[in-house]
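Structural characterization, general
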Amino acid sequence: NNFSENNTVKSNILDRNDLQEFIFDLSNLESLKNLRLDPLNEVCIIKIEKITLITLNNDFLDIQEYVDSNAFFSKEKIYFFNYLKA
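First, a word on what this report is: a plain description of the structure on this page. (Residues numbered from 1 in each chain as written. Predicted model: local features only at pLDDT ≥ 70, side-chain atom pairs only at ≥ 80, totals over all residues. Heavy atoms only, no water.)

Things to note about the side chain of Gln-64
Applied cut-off: Under the scheme used here, helices are H or I runs from DSSP no shorter than 4 residues and strands are E runs no shorter than 2 residues, and both carry numbers assigned from the N terminus. Any N or O atom pair separated by 3.5 Å or less is treated as a polar contact, with the protein-specific requirement of one donor-capable and one acceptor-capable atom, and with residues adjacent in sequence counted only for side-chain atom pairs. Note on definitions: a residue-residue contact is assigned when non-hydrogen atoms from the two residues lie within 4.5 Å.
The residue Gln-64 is located in the loop between β3 (60–62) and β4 (73–75) in this model. One polar contact links the side chain of Gln-64 to the main-chain carbonyl oxygen of Ile-48, over a distance of 3.4 Å. Beyond its immediate chain neighbours, meaning those up to four positions away, Gln-64 contacts Ile-48, Glu-49, Lys-50, Ile-51, Lys-77 and Tyr-79.

Structural notes on the packing of aromatic side chains
Working definition: an aromatic ring pair is given by the centre-to-centre distance plus the angle between the planes. As a reminder of what qualifies: Note on aromatic pairs: the rings of Phe, Tyr and Trp (six-membered ring only in Trp) are paired at centre separations within 6.5 Å, and the planes decide the class, stacked below 30 degrees, edge-to-face beyond 60, tilted for the rest. A 1.4 Å probe rolled over the protein chains alone gives each residue an accessible area, and that area as a share of the maximum for its type sets the label: buried under 20%, exposed over 50%, partly exposed in between.
Per the counting criterion, the structure on display carries one aromatic pair. A centroid spacing of 5.9 Å and a plane angle of 85° characterise the contact between Phe-72 and Phe-80, whose relative ring orientation is edge-to-face. What makes Phe-72 exposed here is its relative accessible area of 57%. For Phe-80, a relative accessible area of 27% corresponds to the partly exposed category.

Considerations on the nonpolar core
Rule in force here: Throughout, nonpolar core names a set of buried Ala, Val, Leu, Ile, Met, Phe, Trp, Tyr and Cys residues whose side chains join them through atoms within 4.5 Å.
One finds Cys-44, Ile-46, Ile-48, Ile-51, Ile-63, Ala-71, Tyr-79 and Phe-81 forming the largest nonpolar core, which totals eight residues. Secondary-structure elements contributing two or more residues to this core are β1 (44–47) and β5 (78–81). In this structure Ile-46 touches Pro-39, Lys-77, Ile-78, Tyr-79 and Phe-81, once residues within four positions along its chain are discounted.

Re the pattern of salt bridges
Short version of the rule: Definition used for salt bridges: Asp or Glu carboxyl oxygen within 4 Å of a side-chain nitrogen of Lys or Arg.
Per the counting criterion, the structure on display carries two salt bridges. Two residues, Glu-49 and Lys-47, come together in a salt bridge whose shortest N-O distance is 3.1 Å. Owing to a relative accessible area of 40%, Glu-49 belongs among the partly exposed residues under this scheme. Here Glu-49 and Lys-77 are joined by a salt bridge, their closest N and O atoms 3.7 Å apart. Within this pair, whereas Glu-49 is found in the loop between β1 and β2 (52–54), its partner Lys-77 is found in the loop between β4 and β5, the two being separated by 28 residues in sequence. Judged by relative accessible area, Lys-77 falls into the partly exposed class, the value being 31%. In the salt-bridge network here, residues are joined through shared partners; they are Lys-47, Glu-49 and Lys-77.

Okay, structure coming up:
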């Protein structure tokens, strides 16, 4: 299905510059095929160190290499978003 607000899982981002970890339980979603991350609703620079999925069998899957972005500029793990979400 397309992305929808009904399937949104949100977490607050603290106003600081140090490392923050976010854990989302997606086990209640059947046949998850895509994952969309909207980091902020502001102009921002973020660095994504790691994105890992943990399966129901406790297998760890590193999906960092599959990240695609609409950032204005990105290099390695750093993403620059220069526009506000409408």
